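Chain by chain, the residues run as shown.
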Amino acid sequence: MRARLLALVLLLMLAGCSSGGTRDDGRITLRFQSLAWQEESVEANKRLVKEWNAAHPDVRVEYVQGSWDSVHDQLLTAFEGGEAPDIIHDASDDLADFAYGGYLADLTGLLPARLKSDIPRRSWETATFGNGVYGVPFLQEPRVLIANATWLRRSGVRIPTPKEPWSWAEFRRITERLSGPGKYGVAWPLKEPVSATLNLSLSAGGQLFHRGPDGKVTVRFGAADQVVPRTIHDQANTDRSASPTTLGSGGSDTLPGFFAGRYAMVPLGFSYRQQIVQQAPKGFDWQVLPAPAGAGGLTQGVSPQTLSIAEDCPHKKEAAAFLDFLLRPPNMVRLALGDWMLPTGTQALRDPVLRTTRHGWATGAALAAQLRPAPAQTVRGYPEWKDKVATPALQEYYSGAIGLGALRERLEGDGNLVLARYQR
């Protein structure tokens, strides 16, 4: 009796550890870990799972709630323990280690032609590592300027559009013009300065990471790479047109001051519009403006949200069929609206609901064609370079503690020493 009881307990434990499988009745169960967190987004994902289950009784999808705050470590533990979900929601800049580590399935031969052709090649590049594709990029967001519309209108400054944006030099002049006692033309939330700096620097023609014929990457902080950080530094330290207190803040931290009239503009990710709609005081008039342009036009780097399939998933074809369903154009629109982001799919992006001027949707949609893979997307050793070299160096530079020469020396000198360890 005792032996039978132990066997039953062991069977239940193994079933609990399974990432998915086939039931005795032949029905397949797939676990889908979603990182949706906003109420609208969670509801959209759960509704789509429910619709799939209703139409596919033999392939049931189980919704599992994950968290952006801990997803990398959580997934790594799950992969190593053989408990990973079958379908994984993540971001493209988090996939490299998992892809090269053999934890994610190569989707090249699993996805339908419709889905492959609907998403532009530039988006697929964000999830391509080596010769394989390890995620479907489906949501993306540019960095935009959220502006106090009343303030700008009264100042008489030229209002930029995607067709006629401000240059970085013009942006600096305008923020200085908008500033005054206790007020600033811009508030840069740069608690995590690296991705914002690198992604916006593409607009100035910056590249920073250079891959040689041998495949090795080196850091070169050239003139084009310096345009954006120099603008931010001069706004904060020379012109006094950028609030020095927000340089160490996150995006949400700047909103109370923005609503109170202390900052005319805040550079934020496109999805922050939802927080503004929810939190802005009644009568507060705001608008979405494109980020400044340079030699590279309005080009920006992005790391789209992705959907992947675990290599250990025993039902990859069924998981791929669910991805195809989830990312059909009408469903991709629903997911984009829930997250207040832009879809990568060209058909979804043409939907009129994403082209309205309300809440700046049209401005964001106009920028979609300018989005490119983030500069560090495939650089091995980037996380260490970012944490140990670039983040502290940029923070010191933006605060005025070091100059441009010292910044360059640290990004290149210390940075290349770090990257070299990953490229031997």
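Source: prediction; values computed, not measured.

### A look at the side chain of Glu384
Next, step 1: Topologically, Glu384 is positioned in helix α17 (residues 382–399).
Next, step 2: For Glu384, the side chain forms a polar contact with the side chain of Tyr422, separated by 2.6 Å.
Next, step 3: Apart from residues lying up to four places away in sequence, Glu384 is in contact with Val389, Val418, Arg421 and Tyr422.

### Some words on the pairing of strand β4 (residues 87–91)
Next, step 1: Most of β4 sits inside the fold, with five of its five residues counted as buried.
Next, step 2: Pairing of strand β2 (residues 28–34) with β4, which is carried by two bridges, proceeds in the parallel orientation. Among the inter-strand pairings, Gln33 is bridged to a residue of β4, identified as Ile88.
Next, step 3: For β4 and strand β14 (residues 305–309), the ladder comprises five bridges, and the chain directions are antiparallel. The partner of Asp90 across the bridge, within β14, is Thr306.

### Topic: the packing of helix α9 (residues 193–201) against helix α10 (residues 223–237)
Next, step 1: Remark: α9 packs on α10, axes separated minimally by 9 Å, with the N-to-C direction vectors making an angle of 125 degrees. Judged by the angle between their axes, α9 and α10 are oblique. Once α9 is placed against α10, the crossing between them reads as right-handed. In this structure, α9 uses Thr197, Leu200 and Ser201 to contact α10, whose residues at the interface are Asp225, Val228 and Pro229.

### Considering α17
Next, step 1: Maximum bend of α17: about 40 degrees, positioned at Ala390, with proline Pro392 one to four residues after it.
Next, step 2: Residues of α17 that are buried: Tyr382, Glu384, Trp385, Val389, Ala390, Thr391, Ala393, Leu394, Tyr397 and Tyr398.
Next, step 3: In the segment just after α17, Gly400 is the residue with positive phi, at about 90 degrees.

### Remarks on the side chain of Gln305
Next, step 1: Looking at the element boundaries, Gln305 is found in strand β14.
Next, step 2: Only 2.7 Å separates the side chain of Gln305 from the side chain of His89, close enough to count as a polar contact.
Next, step 3: In contact with Gln305, not counting residues within four places along its chain, are Trp68, His89, Asp90, Ala91, Val136, Pro137, Phe138, Leu139, Asp339 and Met341.

### Remarks on the packing of α9 against α17
Next, step 1: Orientation of α9 relative to α17, taken along the N-to-C sense of each, is 85 degrees, at an axis distance of 8 Å. Taken together, the axes of α9 and α17 are roughly perpendicular relative to one another. Facing Pro193, Val194, Ser195, Thr197 and Leu198 of α9, the residues of α17 in contact are Tyr382, Trp385, Lys386, Ala390, Thr391, Leu394, Gln395 and Tyr398.
Next, step 2: In terms of residue class, the contact of α9 with α17 is made up of eight nonpolar, four polar and one charged.

### Here we look at the pattern of salt bridges
Next, step 1: Throughout the structure, instances matching the rule amount to eleven salt bridges.
Next, step 2: The partner of Arg158 in a salt bridge is Glu170, and the shortest N-O contact between them spans 3.0 Å. Of the two residues, Arg158 sits in the loop between α7 (149–155) and α8 (168–178) while Glu170 sits in helix α8, which places them twelve residues apart along the sequence.
Next, step 3: We classify Arg158 as partly exposed; its relative accessible area is 34%.
Next, step 4: A salt bridge links Glu412 to Arg408; its shortest N-O distance comes to 3.3 Å.

### As for the packing of aromatic side chains
Next, step 1: Across all of its chains, the model carries 21 aromatic pairs by this definition.
Next, step 2: In this structure an aromatic cluster arises from ring pairing among Phe32, Trp52, Tyr63, Phe322 and Phe325.
Next, step 3: Above the ring of Trp151, the side-chain terminus of Lys183 is found at 5.5 Å from the ring centroid.
Next, step 4: Note that Arg273 overlies the ring of Trp361, its terminal NZ or CZ placed 4.1 Å from the centroid.

### Some thoughts on α10
Next, step 1: Taking 1.5 Å of rise per residue, 15 residues should cover 21 Å, and α10 covers 20 Å from first to last C-alpha, within 8% of that figure.
Next, step 2: The largest bend along α10 reaches roughly 30 degrees and is located at Pro229.
Next, step 3: Every buried residue belonging to α10 is among Asp225, Gln226, Val228, Pro229, Thr231, Ile232, His233, Asp234, Gln235 and Ala236, and all of these are buried.
Next, step 4: The elements touched by buried residues of α10 are α8, α9, α17 and α18 (404–420).

### Some words on the nonpolar core
Next, step 1: Phe32, Val136, Phe322 and Leu327 are the most contacted members of the largest nonpolar core, which totals 62 residues.
Next, step 2: Ranked by residue count, the leading element in this core is helix α13 (residues 316–326), at six residues.
Next, step 3: Once residues lying within four places of it in the same chain are set aside, the contact partners of Leu327 are Arg114, Leu115, Val136, Phe138, Leu307, Met332 and Leu335.
Next, step 4: Within the second largest apolar cluster, 46 residues are counted, among which are Ala291, Ala376, Tyr397 and Leu419.

### Here's the deal with the sheet that holds strand β8 (residues 143–148)
Backbone hydrogen bonds are what pair the strands of a sheet, in a parallel or an antiparallel way.
Next, step 1: Reading across the sheet, the three strands line up as β11-β8-β12 and stay open at both edges, with antiparallel pairing between neighbours. The open sheet has two edge strands, β11 (265–269) and β12 (286–290), and neither has a second partner. Averaged over neighbouring strand pairs, the angle between their axes works out to 35 degrees when direction is ignored.
Next, step 2: Looking at chain direction, β8 and β12 are connected through five bridges and run antiparallel. From the neighbouring strand, Ala147 faces β12, where its bridge partner is Gln287.

Thresholds applied
- Residues numbered from 1 in each chain as written.
- Predicted model: local features only at pLDDT ≥ 70, side-chain atom pairs only at ≥ 80, totals over all residues.
- Heavy atoms only, no water.
- Helix = DSSP H or I, 4+ residues; strand = E, 2+ residues; numbered from the N terminus.
- Polar contact = N/O pair within 3.5 Å; in protein donor to acceptor, adjacent residues only side chain to side chain.
- Contact = heavy atoms within 4.5 Å.
- Buried < 20%, exposed > 50% of the residue type's maximum accessible area, 1.4 Å probe, protein only.
- Pairing = 2+ DSSP bridges.
- Axes fitted to C-alpha atoms, helices over the stretch in contact; angles between N-to-C directions.
- Parallel < 35°, antiparallel > 145°, perpendicular 65-115°, else oblique.
- Left-handed = near helix turned anticlockwise from the far one by under 90°.
- Bend = angle between axes of the 7 residues up to and from the residue.
- Nonpolar A, V, L, I, M, F, W, Y, C, P; charged D, E, K, R; others polar.
- Salt bridge = Lys/Arg side-chain N within 4 Å of Asp/Glu carboxyl O.
- Phe/Tyr/Trp six-rings, centres within 6.5 Å; stacked < 30°, edge-to-face > 60°.
- Lys NZ or Arg CZ within 6 Å of the ring centre and 35° of its normal.
- Expected span 1.5 Å × (residues − 1).
- Core = buried A, V, L, I, M, F, W, Y, C linked by side-chain atoms within 4.5 Å.

Function cannot be read off these values alone, since they describe shape.
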